[in-house]
Amino acid sequence: MKALYEQNQSDVNEAKTEGKGELIPSIKLRHCCLLRNQRCVVAYLYDRLLRIRALRWEYGSVLPTNIRFHMCAEELQWFNQYKKSLANFMRSVGGEEGLDITQDMKPPKSLYIEVRCLKDHGEFEIDDGTIILLKKNSQHFLPRWKCEQLIRQGVLEHVMS
């Protein structure tokens, strides 16, 4: 692209100074080629950026090494910046704890799930004021969003029927 641009500049200067009108069609052709190449490069970079953004949603905040290996330093920098921006946004939404918008990428089939308690946790209060005693090996039918944190902590496990 640089060679095309430089050739075009020299022809434009020559056409201006020496009045060579026969150079104008080639100048226009080269200029159109430059614009097309620029659009292609921008489209490729934008597609690559979308794919890198999708990696954050698919793999989380830490990329596998085989994927990181195929990314240049600028792409890794962009990924890290996107990761930080997303984390700041999630902390700013949803009160004290924030809201993890990367959690349920597909809507849940039901709002309640059956869980088994893996260790003694004590009392657990749900929104309607009901207090549930979470003892080891006890099973409960609870709201999904209330259980997700305890499932991640290893207190509960989702029982698949």
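Residues numbered from 1 in each chain as written. Predicted model: local features only at pLDDT ≥ 70, side-chain atom pairs only at ≥ 80, totals over all residues. Heavy atoms only, no water.

In the nomenclature of an unreviewed UniProt entry, the chain is known as DNA replication complex GINS protein PSF1 of Muraenolepis orangiensis. According to the UniProt record, the Sequence similarities (unreviewed entry) comment for the chain reads "Belongs to the GINS1/PSF1 family." For the record of the chain, the UniProt heading Subunit (unreviewed entry) holds the text "Component of the GINS complex." (UniProt positions renumbered as here; feature names shortened; annotations may be inferred.)

Participant: With reference to specific residues and values, describe the UniProt feature "domain: DNA replication complex GINS protein PSF1 C-terminal" (unreviewed entry) in the chain.
Facilitator: UniProt records the feature "domain: DNA replication complex GINS protein PSF1 C-terminal" (unreviewed entry) for residues 109–160 in the present numbering. Annotated as residues 109–160, this span is 19% helix and 42% strand, and its ends, taken at the C-alpha atoms, are 13 Å apart. (Helix = DSSP H or I, 4+ residues; strand = E, 2+ residues; numbered from the N terminus.)

Participant: I'd like to hear about the packing of aromatic side chains, residue by residue, with values.
Facilitator: Considering all chains together, one arrives at 2 aromatic pairs under this definition. Measuring from centroid to centroid gives 5.3 Å for tryptophan 78 and tyrosine 82, while their planes differ by 5°, and the two rings are stacked. A residue pair is termed a helical-turn pair when its members lie 3 or 4 positions apart in one helix, as tryptophan 78 and tyrosine 82 do in helix α4 (residues 73–92) at 4 residues. By relative accessible area, which is 18% here, tyrosine 82 ends up buried. With a centroid separation of 5.8 Å and an interplanar angle of 20°, the aromatic rings of tyrosine 112 and phenylalanine 141 are classed as stacked. Remark: phenylalanine 141 occurs in strand β4 (residues 139–143) and tyrosine 112 occurs in strand β1 (residues 112–117); sequence separation between them is 29 residues. Among the residues examined, tyrosine 112 registers a relative accessible area of 42% and is labelled partly exposed. (Phe/Tyr/Trp six-rings, centres within 6.5 Å; stacked < 30°, edge-to-face > 60°. Buried < 20%, exposed > 50% of the residue type's maximum accessible area, 1.4 Å probe, protein only.)

Participant: Could you give me a rundown of the sheet that holds strand β5 (residues 156–158), with the residues and numbers involved?
Facilitator: Pairing in this open sheet of 3 strands is antiparallel, and the strands run β4-β1-β5 from one edge to the other. Where the open sheet ends on each side, the last strands, each with one partner, are β4 and β5. Here the strands of the sheet are splayed against their neighbours by 45° on average, with no regard to which way each runs. With 5 bridges connecting them, β1 and β4 associate as antiparallel partners. Bridging across to β4, valine 115 finds its partner in histidine 140. (Pairing = 2+ DSSP bridges. Axes fitted to C-alpha atoms, helices over the stretch in contact; angles between N-to-C directions.)

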